[in-house]
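Coordinate inspection notes
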Amino acid sequence: MLKLALSQLRDQPRRYISVLLAITIGVTFLASALLVGSSSTASLRNSLGATYSKADLVMAPEAGTGDTYGTMEALAEVAGSSAEPGPLQDVEGVREAYAHVVAAVGLQRPADAQGQGTWTADSDFALASTVPEDTSLMAEPLVAGEYPAAGSATEITLDERTAQDFGLDVGSSTFLMSSSSEDAAGRKVTVTGLTEVSQDPNAIGAIQLKMDDALAGALKADMARAMTSEAGAAAGSEGLDAAEIEEMLGRDYAEHVLIRLADGADVATVQAALEEFAETEGMGASVATPDVQAQEQVAQMAGSNIFVYVLGAFAVIALLVTALVISNTFSVLVAQRSRDLALQRALGASRQQVRGAVLTEAGIIGVVGAIIGSALASGIVAALVAWGATNQGFGFLTFEANVRDLLACVAVGMVLTIVASFSAALAATRVSPLEAMRPREDAAVGNRAGVVRLVFGSLFLLAGLAGLVWGAAVANLAIAVAGGALSFVGVLMLAILFVPAVVSVAGLAAKPAGVPGRMARLNSVRNPGRTASTAAALLIGTTLVAMMLTGGRTAQQQMDTIFSAEFPVDLQVQLLGGEDAAAQQAVGGVDGIDSAALLLPAGTTAADAGAQAEGVPVFAADPDELRSVVSGMPAGDATERLGDPGTILVPNTIEADTLTVAGATGSVELDVIHSASSALRPVMTLEDARGIGWDEGATTGSGQEAAAPLLWLDASDGVTMDGLQQLNTDIAQAAGVSQDKITGDLSVRLLFSVVIDGMLMVVTALLAVSVLIALIGVANTLSLSAIERSRENSLMRALGLTRRGLRGMLALEAVLISGVAALIGCALGTVYGGMGAHTVFGPMAAGIGQAIVWPVVPWWELAVIVAVSVLAGLLASVAPSQRAAKLAPVQGLAMA
C-alpha cells in the first residue's frame, strides 16, 4: 500500500496542498511556542550566569524556605561590607564575601544639578549597589574610568546607557538624593567610571549605579535625618520615632552573596564549610557554584513562564482547527475516490490495506508539513532573538533549539494528520465494494447518524449552558469555562444539522444574482457534512476572536467603573501651602487637565458614632468645583446631592448616616454622602465650613498642625500612558511641588487600558492564525468541490453559463459559507465573552453596588470580523474558480 499511497501523492499533488499548508502553519505555531520557551530559558541562564560568573561560590536564599526576606537580611548581616566584614568572611578558605544589596536613590539630570541638589520633577530613581573590595567580583566590567575609591563618599559609576541618556561622562558631576522629602538635601557626586549595562533580569531597564560603602552610609544618614524631621513635624500622631527609624534603615537585604576563595582553597571544602555555617546560623540559604545557582534559579523562574503557556494554548487551538481542515479534506478525497477504492477491494485488496494506504498518505503529508513548519519556526524565532540581542541591555538574549522539542513537533504533526484522517480511512473500508459505488448519506435529522448527533449534541449544549450560567452566577471561573467548552462542543456536533439550513436561508440573498446565485445556494448545501465541517473550522476561530474582544471591552469598561468608584478623583496634588489659589489656577490651565478643585483643611471629625477615629482631617471645597472632579458615585441620589449644603462626602469606611465635624468655633452635624472609595478624604462645602469658624489657613483641630491643602484634578479623556509622565511633570511645575506629591489612580487606569488593548491585539493576532487555517479549508473545499463537479460545471457551460457566471457561482458559495460561519461565531463569542466577564468581575461589581456586569458588544470590531471573513472567503474562491473556468466544456464532459 506504500507504493499506492506514493502514486496518489505523485499523480494528484494539488489535492493535498491545503492539508500540507494547514499542518505547516499549525506546527509552526506549536514549534514557535516551544522555541520561545527554550530560548527564554537559555537567555535567562545566560543572564544569571553573567551575574554570578565572576564568583567562586554563590550563597542565596533557598527556594521554598518561606522566610525569604529574613534570609536576605541575614545574608547581608553575616557578609558585612568591605569596611566592616561580617562573620562570613571568617570561614576558612573565604577571602571575601560580597553581599549584593540594592537600594533606590534619586539621580538628577545635569540640567538640574547646578543648584543645591533637591528632589525635583526631573529626579530619576536609580538602583544603587556597593563595590566589593575585590572588584573582579563585579559582573559589569568597566568600559571607561575606574570604580569609586575605597572610603569615597563623593564618587559613583554609571552604566553606559544612562550616561549617554543623561549626557554624563567620566568626570561629570550630579546630585544623589536618598529621599523625596524637601528636608533631604542632595549630595554632589562625581562620575569616575562607566560600566556595561547589567544583564541581571531584575535590573533590566533601570538606572544602574555603583558606589562605595561610605557613600551608601552617608545617604542612609541623610534619609534618617529627613524621616526624623518628618516624624517630628507629625508629633502627636502615630508614626516612627528616631530610634525606630535608625533601626529600620540599618537593615539591608542581600539578593545573593558572591564568594571569592582564598588562594589554594578547595571549592568543595569551602562549600561544605559555608553550608555548615548557614545551618549553624539558622539561615535558609543554599551554597552552590555559579553554574548550578544559575540553573536552579532558571528552573524557578522558567516554571512560571506564562507567555509560553499562553502561546501553547493558542497553538492547541490552531492545531484543533487544522485537524478539522484535514478531516474534511480527506473525507472529500475518499468520497471522490470511492469508485477507485471499491475497484481495489474487488481486485482483492483487504480493508486493512485500503485503510493503510489512506493513513500512509496522511502520515507522509504530516511529516513533510511538520518538518517545514519546524524549520520555519526555527528561522522566525532565531531572527527575532538576533534582532532583540542588538538592543542595548539585551545582549544576553540567546536562541536555543531543543532537538527533542522539534522532533516532538514533527511527531505531533504526523500523529495529528493520521488521527484527523482516520474517520475518512474507516469510511473508505466500512462499506462493501458494491455499496461504495453508491453516494454516501450524510448525517441528517431523519437518519441514524443525525439522531445520534442531535441527542448527544443537545445534551452537551444544555448541560454546558447550565454550567456556564451557574459558574457565572457563583463567580466560579472553572465551572464557567468547563460549561462554556462543553456547550461549544454541543454546538459543533449540531453544526451539521443547522449550519446547512442557515446557509440555505442566507442563500436567498443571492437570488438577485440570477442562475449563479441560485446554483451557489443549492451547491453550498448539496453536501451538508462538507459545508458544516468547513464552517465549523471557521466557526471556532471567529467565536474565540469575538469572545476575547467582547470580554476585553467589557473588562476595560468594568475596570474603569470600578476604579472610578474606588478612586473617584483622577489625580490628587498635595500643596505646600501659601499661594493655593494661584496653584489651582496654574494647574487648571495645564494641557490635559479639564478641571481642578481646591480642598482646604476646615476641621476634624468629632468622636461620635459616625467617625471611625477622632481627629480625621476634613476638607472644604467649592460645590461646583467638587462636582466637576468627582466621578464614579454609586447610583441613587448621591450624585445629585453632592456639594449640597449640609452634606459631607465620605469614604466607604464610614457607615453612619450623619457625621459631626468640629471646627475652630463650633461643630456641625452633616448628612453623609457615601462613596464607594476607601481612600477618599472627607469633604464638606465652604458654606458649612464657615459656619464652624473656618477661614483660609485654619488648623485641623486642637493640638494638630495644619493639614496640607489638596488639589483634586479631572484629567482629559485624551490623556495616554505615554503622555502621563509629561502631564505629571507639568502639574508638578505648575503647582511648585515634587512629583511624589502627585497621587491618584489615573496611571493604573491607563495602564489597565494599555494592557487590555495590547492583550486584545496580541490575542486577536494569535487567533487569526486559526482563522487563516480555517479559510484554507474553505479554499480547499471549493477546490475539491469544483473538481468533483467538473462534468456538471462543463454541462452548465455548454448550456450557456459564461465563465464569469461560473466564477461568480463559486465565489458566492464561499461567501455564503464564510459569512454564515462568521455571523454564528460572533454571536456565540459575544455570549461567551459576556458571561466570562460577569464571572470574573461580578464580585468586584457587587462591591460597588452593581448587580450584573452587562457585556460591551464591540459592534465595529465584530463587523470587521464578518467583513474580513467574507472577503477572505471571496479571495479563497479565486484559484478554484479560475481553474474551473479555464476548463473547456468538451474536456470537462469527457472526464470520468
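Structure's up top.
What comes next is a walk through the structure. Computed from a prediction, not measured in an experiment: that's the story for all the values here.

Another point: the side chain of Thr543. Positionally, Thr543 belongs in helix 17 (residues 528-566). Ignoring sequence-local partners within four residues, the contact set of Thr543 consists of Phe488, Gly825, Leu828, Gly829 and Tyr832.

So, on to the pattern of salt bridges. Tallied over the entire structure, the rule returns nine salt bridges. Of the charged contacts in the structure, one is a salt bridge between Asp624 and Arg627, with a shortest N-O distance of 3.0 Å. Taken together, the residues Asp624 and Arg627, both in helix 19 (residues 623-629) and three residues apart, mark about one turn of the helix. The exposure class assigned to Asp624 is exposed, which follows from its relative accessible area of 55%. The partner of Asp644 in a salt bridge is Arg627, and the shortest N-O contact between them spans 3.5 Å. Residue Asp644 is found in the loop between helix 20 (638-641) and strand 14 (647-650), and its partner Arg627 is found in helix 19; the two are separated by 17 residues along the sequence.

For the rest of this paragraph, the subject is the packing of aromatic side chains. Scanning the entire structure with this criterion turns up one aromatic pair. Here Phe488 and Tyr832 contribute two aromatic rings whose centre-to-centre distance is 6.2 Å and whose plane-to-plane angle is 85°, an arrangement assigned as edge-to-face. Of this pair, Phe488 sits in helix 15 (residues 477-506) while Tyr832 sits in helix 25 (residues 803-847), placing them 344 residues apart in sequence. On the basis of relative accessible area, Phe488 is assigned to the buried category, the value being 15%. What makes Tyr832 buried here is its relative accessible area of 10%.

As a further point, take the nonpolar core. Val573, Ile648, Met684, Leu713, Leu727 and Ile731 are the most contacted members of the largest nonpolar core, which has 38 residues in total. Setting aside anything within four residues of it in sequence, one finds Val573 in contact with Pro709, Leu710, Leu711, Leu713, Ile731, Ala735, Val737, Lys741 and Ile742. Phe330, Leu359, Ile365 and Ala425 belong to the second-largest nonpolar core, a separate cluster that totals 25 residues.

Within the secondary structure layout, Gly186 lies in the loop between strand 6 (173-177) and strand 7 (187-195). The exposure class of Gly186 is buried, given its relative accessible area of 15%. C-alpha separation for the pair Gly186 and Leu219, spaced 33 residues apart in sequence, amounts to 8.9 Å.

Cut-offs used in this document
Residues numbered from 1 in each chain as written. Predicted model: local features only at pLDDT ≥ 70, side-chain atom pairs only at ≥ 80, totals over all residues. Heavy atoms only, no water. Helix = DSSP H or I, 4+ residues; strand = E, 2+ residues; numbered from the N terminus. Contact = heavy atoms within 4.5 Å. Salt bridge = Lys/Arg side-chain N within 4 Å of Asp/Glu carboxyl O. Buried < 20%, exposed > 50% of the residue type's maximum accessible area, 1.4 Å probe, protein only. Phe/Tyr/Trp six-rings, centres within 6.5 Å; stacked < 30°, edge-to-face > 60°. Core = buried A, V, L, I, M, F, W, Y, C linked by side-chain atoms within 4.5 Å.

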